[in-house]
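Understanding the architecture of this molecule
Here is how the chains run, residue by residue.
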Protein chains: 2
Amino acid sequence: MLRTPKRLLVGRPLRTEQLGDTLLPKKLALPVFCSDALSSNAYATEEILLGLGLGGVALLRLAPWVALAVIVLLAVVVLSYRQTCHAYPGGGGAYAVSRANLGETASLAAASALLVDYVLTVAVSVAAGVANVTSAFPALVPYAVPISLALLAVLAVMNLRGVKESGTVFAIPTYGFVVVVYLMILWGGLRVAFGGSLHAESAHYGLHAEQHTTGLLAIALVLRAFSQGCTALTGVEAVSNGVPNFKRPKSRNASATLAIMGVLTIVMLAGISLLAMISKVHITDDPSRLIGAPAGYEQKTVITQVAAAVSGGDHTILFFLVAGFTAAILVLAANTAFNGFPILGSILGADGFLPRQFSRRGDRLVFSNGVVILALLAGLLIWAFDASTTRLIQLYIIGVFVSFTLSQAGMVRHWTTELRACPPARRGRIRRARVINAFGALLTGLVLVVVLVTKFTHGAWIVVIAMPLVFWMMKAIHRHYERVAVELTPGDDAVALPSRIHAVVLVSRLHTPALRALAFARASRPSTLTAVTVKTSDAEVETLRAEWAARDIPVPLVVLDSPYRDITGPVLDHVARLRRRSPRDVVAIFIPEYVVGRWWEQLLHNQSALRLKARLLFRPGVMVISVPWQLGSARTEPEAPPEPETPPEPERPTEPGGGRPVLPDAGRGTVSSGSGG
Amino acid sequence: MLRTPKRLLVGRPLRTEQLGDTLLPKKLALPVFCSDALSSNAYATEEILLGLGLGGVALLRLAPWVALAVIVLLAVVVLSYRQTCHAYPGGGGAYAVSRANLGETASLAAASALLVDYVLTVAVSVAAGVANVTSAFPALVPYAVPISLALLAVLAVMNLRGVKESGTVFAIPTYGFVVVVYLMILWGGLRVAFGGSLHAESAHYGLHAEQHTTGLLAIALVLRAFSQGCTALTGVEAVSNGVPNFKRPKSRNASATLAIMGVLTIVMLAGISLLAMISKVHITDDPSRLIGAPAGYEQKTVITQVAAAVSGGDHTILFFLVAGFTAAILVLAANTAFNGFPILGSILGADGFLPRQFSRRGDRLVFSNGVVILALLAGLLIWAFDASTTRLIQLYIIGVFVSFTLSQAGMVRHWTTELRACPPARRGRIRRARVINAFGALLTGLVLVVVLVTKFTHGAWIVVIAMPLVFWMMKAIHRHYERVAVELTPGDDAVALPSRIHAVVLVSRLHTPALRALAFARASRPSTLTAVTVKTSDAEVETLRAEWAARDIPVPLVVLDSPYRDITGPVLDHVARLRRRSPRDVVAIFIPEYVVGRWWEQLLHNQSALRLKARLLFRPGVMVISVPWQLGSARTEPEAPPEPETPPEPERPTEPGGGRPVLPDAGRGTVSSGSGG
């Protein structure tokens, strides 16, 4: 019934053969894999300023140094990931690397960090993207959440359709963003160089210091600002995941792309930060601390403020270009998560750490379940943190750095093993590589600690709880699957053929479904056959007995007494008794069932039958046989449209009365022999 | 798994025989059936004052006249219901009466009015009860909603336990309330008589008139006040419902009780209203209109204010007694709805206007479903209208008067038919009776219109929508059941014995559940037996084929190709093909199923199996056979505790390995003959 709308949304199914990878040249790989990393520039500077702003305007002058620190860190991480690209041409995500080098636990830690982070990437990117739109059109500010959710929905559907992320779609916003930002930096730089002065709209507003910034506190603030700035690093690992999708030589191209990305990011980060400094952008996450701002003043994002300052006003072309492309690339960044999460999910599903369903491709060859789950979780976050980038980012970075640290550590281990099995000649290179990764691991680990300490109270604790939960969940699922696998591998004396089958037909009234069940039961020629009814009211049983006699049905009718008006109990006991009498035999329980077409009709039938079935399944040596009776609503309901290219079913017409096989009393004696045909 | 807590809450099941009616003497019947009606005095006056208050203090002097009008109405309604008691000794609820005299549609209208009203009774009474508690302890004001919900829960559980409403439980609060109120009235009356003066705490506060009360508007306000005052009539019909529970002579006693109740109510209403007038109680539903009230002043209910005024202060014994008993009787009133709703529901269920489940007694002999639904709906209302009596009452009265009018009209019709078939001697009496009911119908009808007009915009529209919805729903359900009944009555050529059975065993991998399914299928000796697997990946199919060969299973394995990786489609088509080949035969589909113990494990298995089963049931001439395999978690899970007094099941121990019957190769060749035992 949900088919047609589904088809409209996601399109018609694709054959398995249509699955195929397109290898990407560098110029397309950059937008595809780096949009996330590049997009971080949209908020990195802002985060630094927000962090320092807590110490009032005074601290802001430290911004360049913080930015510098971030840049150094970025450079190191890029360097060490370039090596990962070479070491793992098969795709060196944190999970893969740590799985290969640090064993299951570490890899699961990485995996949970990644999973949590993908969700956050989507939430943060969408929220940030919308934030830039609303800076351009302040009228939209109150609708941030609905807009974000709508965008999210669009992304989800796009990915359920399984858009082969055709580089071009990505190329435009990504390169557009880079170009526009560089333009802005250049323009701004020139204006400053020629003695011009830049004034952000918020330049004249003061900032209440949240804390007195003396000694230690100041350091704490700076550290916090730094950790917030580290958002600039998010998305760096994407390339190392995607190595297999690069044109040959895969590794070389990948690491080259990584390098380009690094350079681009560093320049943008530096440029934006400097311009923000010069044009005195003042921004805060609680507007009450903004001094001298007019009532109802909506803060713009830093990048748009800078654009306005550089181009002189927030109605210039540049301003709108920056705002627009920033929003665009941020949404793209979200999309990279939509690629990453389902794939990681499918790997984990195949390894048995997530439900198997995650490893199955939907009918559009996408790992649909992953996409849906991701969208739901991200939507939940956006809604819960009403689409506030700053509040969401607090949760963001931890996961990033957990996976950074783990994969770096993994690489160190990797090189060490390499070192053993390689000719002395190449040892030097490997040693150097190991040093770099070790340094990377150390640094990212350090940052991780800083982030943890400075962010814990600002929401990071959520992640600190979420990650272990995911970790534990995956462990539990794995244990379950393993246990089941053991249980299910048949031994030699595996399953014996039961000696006899005792059929039991459950009847309440003697209506057609019951009659059909009886007919089917008889047709299956069991060793013994009895009809069973549960007596909740004498009257009903009497009428049943009467009808039974009237139609003189050749099946003994057993009446189970039920003093507590409960159907399930007595039947279960009856079955138990049968089993006790002959433990080697199987009890086959025939349950006549109505099949109704409309959902609400379901509520009007079968309630007790369903409960009973559920309970019976827990009894060993029992098989439960539902004999369906399609009611009008179910029959008249159009058959589910045949899957494309499978023949439509011509058997329908040939069956009178909804296909009940009616024998013209072929000597076989119909059940209703009382009124013999 | 939910059994133990359930038992703790509602107690052990009761045998059907334990069902029995206790006949009530008048002095117990009064509290049982009239607590609702009597309790209305707790808010009737308040509603009048609130209504008039909208016109400012000036209009308040009209209060006595409005009260008088209400009293007259009440008298008339009581009179005409007394006749109903005589005419319908079998219980003359609005549904019964209008069903007997006005036909299905009218009776359903009455029924939906009643259903909606029962829900509102519960919501209003609980809310009002809590309001009186909070007047006594203003500190509790902010917790009104949670307290109400808690109370509601207690009521629900009490009624699920099926408290035989032992009159005494009711007697204390009811009589207590009556006595205390009379005491208050007397005391107050004496003080006034001896020239004393009463001052309500709110006497000195003015009231902003919401509208300028000129001419028509004033009339409108008065009408509205009147319609609000009509809440005094709620619950009157309860007695006529309960006639069968009275001691003989039932009708006489019932109508007598009704008379007593009427007198008691009228006196209380008059008394409270007068005292409220004299002591100048000023109350409003939006505190902002209260002039001169100190900040944070919490308005008390009128009855408690009067009590305070009479006894001089809100820390007197009388004050707390009034507050306490008012709260108590109000909660009791809610309880009467808990008796009424499930019974009406069961009648409607039996008549096929509500799901049959409503007509089944739970294991405590209560119509549990009704109780649960009622509690949920009432809770929803309380939460939605954050436990504000005034706002809830707006919805209340309409339903009451719909049922009043209908039952009165029904009575008129009743007398008219009586008239035909009776000796001229008694005609006079009957004519008189008819006049009374006619007048009652007219008056209540009139009030209904007034209420509708004056209340529509104040939330009444919700009811005006809800009632037709319920009505329509019941109609739909009835139609459905009727259609089904027709479909299910077997004709003569009813169901024929299918000629042959084609068994199909679905296998994905060759694990023990599959082997068991195969064994069971073979044991049932079908005409044809094939195993079917759906090919989503070549690898899987190959391994399956290999294992098949290895264990050389004597069943042909059919591989269905599935280009779209969809399991359901191909199987359905296969079944269709089989059916086409031999339309007279039955296709028996064996599905190996895991049975897991923990809910979350369910998510890790059977997803596709379940989908498939659901779809298969829609195919005619098919029976679906689940062959369960109990996994460890399911087997180790303790069996659901045996119902009391049913023998515990001794078959468990006698079954090795979870009761799989393992034959020491009894010449029948186990399925795993490859590695024969």
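Because the structure is predicted, anything quoted here is derived from the model rather than measured.

On a plain count of helices and strands, chain A comes out with 22 helices and seven strands. In chain A, buried positions account for 56% of the 677 residues. Put simply, 82% of the contacts in chain A that link residues at least 6 apart link residues at least 24 apart. When the accessible area of chain A is evaluated, it comes to approximately 27200 Å², of which 67% is carbon and sulfur surface.

Next up on the list: the sheet that holds strand β4 (residues 528-535) of chain B. Strand order in the open sheet formed by ten strands is β5(A)-β4(A)-β3(A)-β6(A)-β7(A)-β7(B)-β6(B)-β3(B)-β4(B)-β5(B), and the pairing between neighbours is mixed. Edge positions in the sheet fall to β5 (557-561) of chain A together with β5 (557-561) of chain B, since each has one partner strand and no second. The average angle at which neighbouring strand axes cross in this sheet is 30°, direction not considered. Relative to strand β4 (residues 528-535) of chain A, strand β3 (residues 501-506) of chain A is paired through five bridges, and the arrangement is parallel. Looking across to β4(A), one finds that A:H502 is bridged to A:T528.

Let us look at the environment of A:S388. Along the chain, the position of A:S388 falls in the loop between α13 (368-384) and α14 (389-420). Separated by 192 residues in sequence, A:S388 and A:R580 have C-alpha atoms that sit 65 Å apart.

In this model, helix α10 (residues 250-278) of chain A (29 residues) spans 42 Å end to end at C-alpha, consistent with the 42 Å of a helix rising 1.5 Å per residue. A:K280 sits one or two positions beyond α10(A) and adopts a positive phi of about 55°.

Residue and element names in this part refer to chain A. Chirality of the crossover, the property in question, places the unit of β3, helix α17 (residues 512-523) and β4 among those that are right-handed. With five bridges joining them, β4 and β5 adopt parallel strand pairing. Of the residues in β5, the one forming a bridge with V532 is V558. You can see the chain leave β4, run along helix α18 (residues 538-550) and come back into β5, and the turn it takes is right-handed.

This next bit is on the packing of aromatic side chains. All told, the structure shown has 14 aromatic pairs over all chains when counted by the stated rule. Ring centres of B:Y205 and B:Y297 lie 5.1 Å apart, and the angle between their planes is 70°; this geometry places the pair in the edge-to-face category. You can see B:Y205 sitting in the loop between α7 (167-193) and β1 (206-207) and its partner B:Y297 sitting in the loop between β2 (290-291) and α11 (302-311), a full 92 residues away along the chain. Judged by relative accessible area, which is 18%, B:Y297 ranks as buried. Connected via pairs of aromatic rings, a cluster forms that spans A:Y81, A:F401 and A:F404.

With an omega of -15°, the peptide bond between A:R248 and A:P249 qualifies as cis. One non-glycine residue, A:K280, adopts positive backbone phi at about 55°. With a phi angle near 55°, B:A387 is a residue other than glycine that sits in the positive phi range. One can find B:A387 in the loop between α13 (368-384) and α14 (389-420).

Time to look at the environment of A:L544. For A:L544, the position within the fold is in helix α18. Sequence separation between A:L544 and A:V507 is 37 residues, and the spatial gap between their C-alpha atoms is 9.0 Å.

A word on the packing of helix α2 (residues 26-39) of chain B against helix α12 (residues 317-350) of chain B. Residues and elements named next belong to chain B. At their nearest, the axes of α2 and α12 sit 8 Å apart, and the two run at 125° to each other. Compared by their axis directions, α2 and α12 come out oblique. Taken as a pair, α2 and α12 cross one another with a handedness that is left-handed. Residue-level inspection shows V32, S35, D36, L38 and S39 of α2 in contact with α12, the latter providing I329, L330, L332, A333 and T336. Along the lines of polarity and charge, the residues of the contact of α2 with α12 split into six nonpolar, three polar and one charged.

Moving on: a positive patch on the surface. Residues A:R356, A:R360, B:R509 and B:R611 make up a contiguous surface patch of positive charge. You can see A:R360 is positioned in the loop between α12 (317-350) and α13.

In this section: the nonpolar core. Inside soluble globular proteins, nonpolar side chains tend to come together where they are buried. In terms of nonpolar packing, the biggest core is built from 143 residues, with B:M184, B:L233, B:V236, B:L348 and B:F401 touching the most fellow members. Looking at which element gives the most residues to this core, the answer is helix α5 (residues 94-136) of chain B, with 21 residues. The contact partners of B:M184, leaving out residues within four places of it in the chain, are B:I272, B:L275, B:I303, B:V306, B:A307, B:V310, B:L318 and B:V322. Grouped together as the second largest cluster of nonpolar side chains are 141 residues, A:V281, A:F319, A:L395 and A:V470 included.

So, about the domain arrangement of chain A. Per the domain assignment, the segments of chain A are domain 1 (28-290 + 300-480) and domain 2 (500-634). The gap between the C-alpha centroids of domain 1 of chain A and domain 2 of chain A is 60 Å.

In this section: the packing of α14(A) against helix α16 (residues 460-488) of chain A. Residue and element names in this part refer to chain A. Look at α14 against α16: their axes get within 7 Å of each other, and the N-to-C directions meet at 45°. Regarding the angle of α14 to α16, the classification is oblique. Every pair of crossing elements has a handedness; the one defined by α14 and α16 is right-handed. From α14, Q394, L395, I398, G399 and V402 reach across to α16, where they touch A460, I462, V463, V464 and M467.

Now for a nonpolar patch on the surface. Residue and element names in this part refer to chain A. Where nonpolar side chains cluster on the molecular surface, the patch consists of V449, L452, V453, F456, W461, V464, I465, L469, W472 and M473 and spans about 940 Å² of accessible area. It is α16 that contributes the most residues to the nonpolar patch, six residues altogether. Summarising the element assignment, M473 is placed in helix α16.

With that out of the way, let us pick up the state of the cysteines. Residues and elements named next belong to chain B. A complete count under the given rule lists zero disulfides over all chains for this structure. Here C34 stays unpaired: no disulfide links it, and the sulfur of C85, its closest cysteine neighbor, is 9.8 Å away. For C34, a relative accessible area of 0% corresponds to the buried category.

Within the secondary structure, A:H574 is located in helix α19 (residues 568-581). When residues no more than four places from it in sequence are discounted, the contact partners of A:H574 are A:V532, A:V558 and A:L560.

Take the pattern of salt bridges next. Residues and elements named next belong to chain A. Scanning the entire structure with this criterion turns up 16 salt bridges over all chains. Between D314 and K300 there is a salt bridge, with the nearest N and O atoms lying 3.2 Å from each other. On the criterion of sequence distance, the pair formed by D314 in the loop between α11 (302-311) and α12 and K300 in the loop between β2 (290-291) and α11 is long-range, its members being 14 residues apart. Look at K300 and you get buried, because its relative accessible area is 9%.

The rules we used
Here the residue index of a chain counts from 1 through its sequence in written order. Written order determines the labels here, with chains lettered from A and ligands numbered from 1. Residue-level local features of this predicted model are given only where pLDDT is at least 70; pairs of side-chain atoms are given and counted only at 80 or more, and the full residue set underlies all totals for whole chains, interfaces and linings. No hydrogens and no water enter the side-chain calculation; it runs on all heavy atoms of the structure. Note on conventions: DSSP H or I runs of at least 4 residues are helices, E runs of at least 2 residues are strands, and numbering of each starts at the N terminus. When accessible area is computed with a 1.4 Å probe and restricted to protein chains, residues below 20% of their type maximum are described as buried, those above 50% as exposed, and intermediate ones as partly exposed. Here, two residues are considered to be in contact whenever any of their heavy atoms come within 4.5 Å of each other. The method behind every accessible area is Shrake-Rupley, applied with a 1.4 Å probe, and residues are considered shielded solely by the protein chains displayed. DSSP calls a pair of strands paired once it identifies at least 2 bridges connecting them. Note on geometry: axes are C-alpha line fits, over the in-contact stretch for helices, and angles between N-to-C directions span 0 to 180 degrees. The span one expects for a helix is its residue count, reduced by one, times 1.5 Å. Convention used here: a crossover is right-handed provided that the path from the first strand, over the helix, to the second strand proceeds clockwise when the strands point away from the viewer. Two rings from Phe, Tyr or Trp (for Trp, the six-membered ring) form a pair when their centres are within 6.5 Å of each other. A pair whose planes differ by under 30 degrees is stacked, one over 60 is edge-to-face, and the rest are tilted. Put simply, angles under 35 degrees are roughly parallel, angles over 145 are roughly antiparallel, angles from 65 to 115 are roughly perpendicular, and the rest are oblique. Crossing handedness is defined as follows: a turn of the near helix away from the far one that is anticlockwise and smaller than a right angle gives a left-handed crossing, while the clockwise case is right-handed. Each residue is assigned to one class: nonpolar for Ala, Val, Leu, Ile, Met, Phe, Trp, Tyr, Cys and Pro, charged for Asp, Glu, Lys and Arg, and polar for all the others, Gly among them. Nonpolar side chains (Val, Leu, Ile, Met, Phe, Trp, Tyr) are joined into patches within 5 Å and like charges within 9 Å, using only residues with over 30% relative accessible area and no salt bridge. Here, a salt bridge means any side-chain nitrogen of Lys or Arg that lies within 4 Å of a carboxyl oxygen of Asp or Glu. His is not counted, nor are the chain ends, whereas Lys and Arg count as positive and Asp and Glu as negative. To locate a charge, take NZ of a lysine, CZ of an arginine, CG of an aspartate or CD of a glutamate. What makes a nonpolar core is a set of buried Ala, Val, Leu, Ile, Met, Phe, Trp, Tyr and Cys residues whose side-chain atoms join them at distances within 4.5 Å. Domain delimitation in this document rests on an assignment produced automatically or drawn from a domain database. Note that a disulfide, as used here, is simply two cysteine sulfur atoms within 2.5 Å.

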